[in-house]
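Notes for the structure review
Take a look at the letters that make up each chain.
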Amino acid sequence: MRRLVRLLVLAGPYAGWALLAAVLGTLTVGFGVSLMVAGGWLISTAALQPHLGDLAMGVLGVRVSGTFRPAFRYTERLVTHVATFRLLTQLRTWLYTRVEPLAPSHLAHQRSGDVLARLVSDLEAVEQLYARAVHPPAVALGVLAGVIALLGAWSWPMAGL
């Protein structure tokens, strides 16, 4: 747990990027949900054979959701990768400045390939930490808050459930 806290402190300068990525991820999932809702409403309403004008809002919902979802997904991935690679640059620089003075004497009993493999695998694990452990729960909480807010505008008992 102490290492996780230390890594999150090292990622502190990139908190703005992480927040932006979480907001974009929430919007991506939100538009995915709205695409399913609008598509389901459109199909079920069209089955009743209404006047075509009655389907206009459903068609618009599908078009808007279908357009914005991939746009937000692309932007979210771009922001997430930028933040991750900037953090990795900082971590690699930090690590090199700590290991380089030790190289001649303290690492003589290690093979250079073993040291390199260990460092690369550790940094790859850190790279996946944000993308797999921090970002998804933040997006899930954002979507949950959005769904509760929308349901609350319609019915607070339903939002409570």
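Relevant structure appears above.
Numbering of residues starts from 1 in every chain and runs along the sequence as written. Two thresholds apply to this predicted model, a pLDDT of at least 70 for residue-level local features and 80 or more for giving and counting side-chain atom pairs, whereas whole-chain, interface and lining totals are computed over all residues. Only hydrogens and water are removed before side-chain values are computed, so all heavy atoms of the structure are retained for them.

Observations regarding helix H2 (residues 15–46)
Under the 1.5 Å per step criterion, the end-to-end length of H2 is 46 Å for 32 residues, consistent within 8% with the ideal 46 Å. Each residue's exposure class comes from its accessible area (1.4 Å probe, protein chains only) as a fraction of the maximum for that residue type: buried when under 20%, exposed when over 50%, partly exposed otherwise. Numbering goes from the N terminus for both helices and strands, where a helix is a DSSP run of H or I of at least four residues and a strand is a run of E of at least two. Regarding H2, the residues found buried are Ala-21, Ala-22, Leu-24, Gly-25, Thr-26, Thr-28, Gly-32, Ala-38, Gly-39, Leu-42 and Thr-45. Each residue after the first adds 1.5 Å to the expected span of a helix.

A look at the packing of aromatic side chains
In summary, the pairing rule links any two rings of Phe, Tyr or Trp, Trp by its six-membered ring, whose centres are within 6.5 Å, and it sorts them by plane angle into stacked for under 30 degrees, edge-to-face for over 60 and tilted for everything else. Inspection of the entire model under this criterion finds 3 aromatic pairs. With a centroid separation of 5.6 Å and 15 degrees between ring planes, the pair formed by Phe-31 and Phe-72 is classed as stacked. With Phe-31 in helix H2 and Phe-72 in helix H3 (residues 56–99), this pair connects stretches of sequence that are 41 residues apart. An aromatic cluster of three or more residues is present, and its members are Phe-31, Phe-68 and Phe-72.

Describing unusual backbone geometry
Despite not being glycine, Gln-49 shows a phi value in the positive range, around 55 degrees. With respect to the element layout, Gln-49 can be found in the loop between H2 and H3.

A short note on the environment of His-135
Among the structural elements, His-135 can be located in helix H5 (residues 112–154). Between the alpha carbons of His-135 and Ala-21 there is a distance of 7.8 Å; along the sequence they are 114 residues apart. Two residues qualify as a contact provided that any one of their heavy atoms is within 4.5 Å of a heavy atom in the partner residue. When near neighbours in sequence (up to four residues on either side) are disregarded, His-135 contacts Ala-21, Ala-22, Glu-76, Thr-80 and Tyr-130. In the analysis that follows, any N or O atom pair within 3.5 Å is treated as a polar contact, provided that within protein one partner can donate a hydrogen and the other can accept it, and provided that, for residues neighboring in sequence, both atoms belong to side chains. Within the structure, the side chain of His-135 is placed 2.7 Å from the side chain of Glu-76, a separation counted as a polar contact.

A look at the side chain of Glu-76
Structurally, Glu-76 is set in helix H3. For Glu-76, a relative accessible area of 4% gives the class buried.

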